[in-house]
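The chain contents come next:
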Amino acid sequence: MQDTITSLINPADQRGKYLETEELEKLRRYFQSGELRVKAASAISNNAANIIREAVANSLLYGDITCPGGNMYPTRRYAACIRDLTLFLRYATYAMLAADPSILDERVLDGLKETYDSLGVPIQPTIQAIQAMKEVTTRLVGAEAGGEIGMYFDHICNGLS
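Keep in mind that what you see is a predicted model, and the values were worked out from it rather than measured.

1. What to know about the overall build of the chain
And then number 1: Counting its regular elements, the chain contains 8 helices and 0 strands.
And then number 2: Each helix and strand of the chain, ordered N terminal to C terminal, gives the series α-α-α-α-α-α-α-α.
And then number 3: When its C-alpha atoms are laid out on the principal axes, the chain stretches across 60 × 35 × 20 Å.
And then number 4: Across the 161 residues of the chain, 36% fall into the buried class.
And then number 5: In the chain, once contacts between residues fewer than 6 apart in sequence are set aside, the share between residues at least 24 apart is 70%.
And then number 6: Summed over its atoms, the accessible surface of the chain is roughly 9,100 Å², and 53% of this surface lies on carbon and sulfur atoms.
And then number 7: Charge-centre separation for the chain: the mean point of 16 positive side chains lies 4 Å from the mean point of 20 negative side chains.

2. Overview of the environment of L19
And then number 1: Along the chain, the position of L19 falls in the loop between α1 (4–15) and α2 (21–32).
And then number 2: Of the residues examined, L19 reaches a relative accessible area of 23% and is grouped as partly exposed.
And then number 3: Put simply, L19 and Q128 are 109 residues apart on the chain and 41 Å apart in space, counted from C-alpha to C-alpha.
And then number 4: Look past the residues within four positions of L19 in its chain and what remains in contact with it is L8, I9, A12, L24 and L27.

3. Considering the state of the cysteines
And then number 1: One pass over the structure, following the stated rule, counts 0 disulfides.
And then number 2: For C157, which is in no disulfide, the shortest distance to another cysteine sulfur is to C81 and amounts to 13 Å.
And then number 3: A relative accessible area of 4% means that C157 is categorised as buried.

4. Things to note about the UniProt feature "binding site: (2R,3E)-phycocyanobilin" (unreviewed entry) in the chain
And then number 1: Here, UniProt's "binding site: (2R,3E)-phycocyanobilin" (unreviewed entry) annotation points to N71, R76 and C81.
And then number 2: Tracing the sequence through the fold places R76 in helix α4 (residues 75–98).

5. Describing the packing of aromatic side chains
And then number 1: Applying the stated criterion across every chain, the model contains 2 aromatic pairs.
And then number 2: Between Y91 and Y94, the aromatic rings sit 5.3 Å apart at their centres with planes inclined by 90°, giving edge-to-face as the arrangement. Of this pair, Y91 and Y94 are both found in helix α4, 3 residues apart, which corresponds to roughly one turn of the helix.
And then number 3: Residue classification places Y91 among the buried residues on the basis of a relative accessible area of 13%.

6. Here we look at the packing of helix α7 (residues 123–141) against helix α8 (residues 143–160)
Axis angle and axis distance: for two packed helices, these are the angle between their axes and the distance between the axes, and together they describe the pair.
And then number 1: Put simply, α7 and α8 touch, their axes get as near as 8 Å, and they point 170° apart. Relative to α8, the element α7 is oriented roughly antiparallel. On α8, the residues touching I123, T126, I127, I130, Q131, M133, K134, T137, T138 and V141 of α7 are A143, A145, G146, I149, G150, F153, D154, I156, C157 and L160.
And then number 2: Partitioning the contact of α7 with α8 into residue classes produces 12 nonpolar, 6 polar and 2 charged.

7. Details of α4
And then number 1: An ideal rise of 1.5 Å per residue puts 34 Å on 24 residues; α4 measures up with 35 Å between its terminal C-alpha atoms.
And then number 2: A99 lies just past α4 and shows a positive phi near 55°.

8. A look at unusual backbone geometry
And then number 1: Residue A99 is not a glycine yet carries a positive backbone phi of 55°.
And then number 2: Secondary-structure assignment places A99 in the loop between α4 and α5 (102–109).

9. Regarding α2
Note: α-helices contain 3.6 residues per turn, so residues at a spacing of three or four share the same orientation.
And then number 1: In this model, α2 (12 residues) spans 16 Å end to end at C-alpha, consistent with the 16 Å of a helix rising 1.5 Å per residue.
And then number 2: Residues E23, L27 and Y30 constitute the buried set of α2. Viewed end-on, α2 has its buried residues packed into an arc of 60°, placing them on one side of the element. Exposed side chains of α2 directed beyond 90 degrees from the buried face belong to T21, E22 and Q32.
And then number 3: Next to the buried residues of α2 lie α1, α3 (34–59) and α4.

Conventions we followed
Residues numbered from 1 in each chain as written. Predicted model: local features only at pLDDT ≥ 70, side-chain atom pairs only at ≥ 80, totals over all residues. Heavy atoms only, no water. Helix = DSSP H or I, 4+ residues; strand = E, 2+ residues; numbered from the N terminus. Buried < 20%, exposed > 50% of the residue type's maximum accessible area, 1.4 Å probe, protein only. Contact = heavy atoms within 4.5 Å. Areas by Shrake-Rupley, 256 points an atom, 1.4 Å probe, with all protein chains shown as cover. Lys, Arg positive; Asp, Glu negative; His and termini not counted. Charge placed at Lys NZ, Arg CZ, Asp CG, Glu CD. Disulfide = S-S within 2.5 Å. UniProt positions renumbered as here; feature names shortened; annotations may be inferred. Phe/Tyr/Trp six-rings, centres within 6.5 Å; stacked < 30°, edge-to-face > 60°. Axes fitted to C-alpha atoms, helices over the stretch in contact; angles between N-to-C directions. Parallel < 35°, antiparallel > 145°, perpendicular 65-115°, else oblique. Nonpolar A, V, L, I, M, F, W, Y, C, P; charged D, E, K, R; others polar. Expected span 1.5 Å × (residues − 1). Arc of directions from axis to C-beta.

Here it is, written out as structure tokens:
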């Protein structure tokens, strides 16, 4: 994982050059949106359990997946689903703070789809739960910050598709 600063400075340093106008503009935008991202991360951190609970209620609880024979039954499978959604939320928050999706690729998505397929975890309901998390989080942090973190939820969904 690299934050935006490191991802811009390291290549310039390897070239032995100063940052160019386009790179400096990216840094300006990163710093300008920093307060928004930090406030959103704080709100997400303080409300993580509620975000997960509401997202599950909005996307998973009332379908066949929670009934006997469903993939969130028994309690052990339900707990694993909640654990995964919690990790997705946490890493999406990290990615938003860094303004870099690479942490999602490295620590969440690398091999996840294949693992889920081998364990019989249904991908579509997982994606629905992540989309529900995106909606709940956006309501919590507001449209602008929701758009910021929404990109990272979308990145996870695309990686699972």
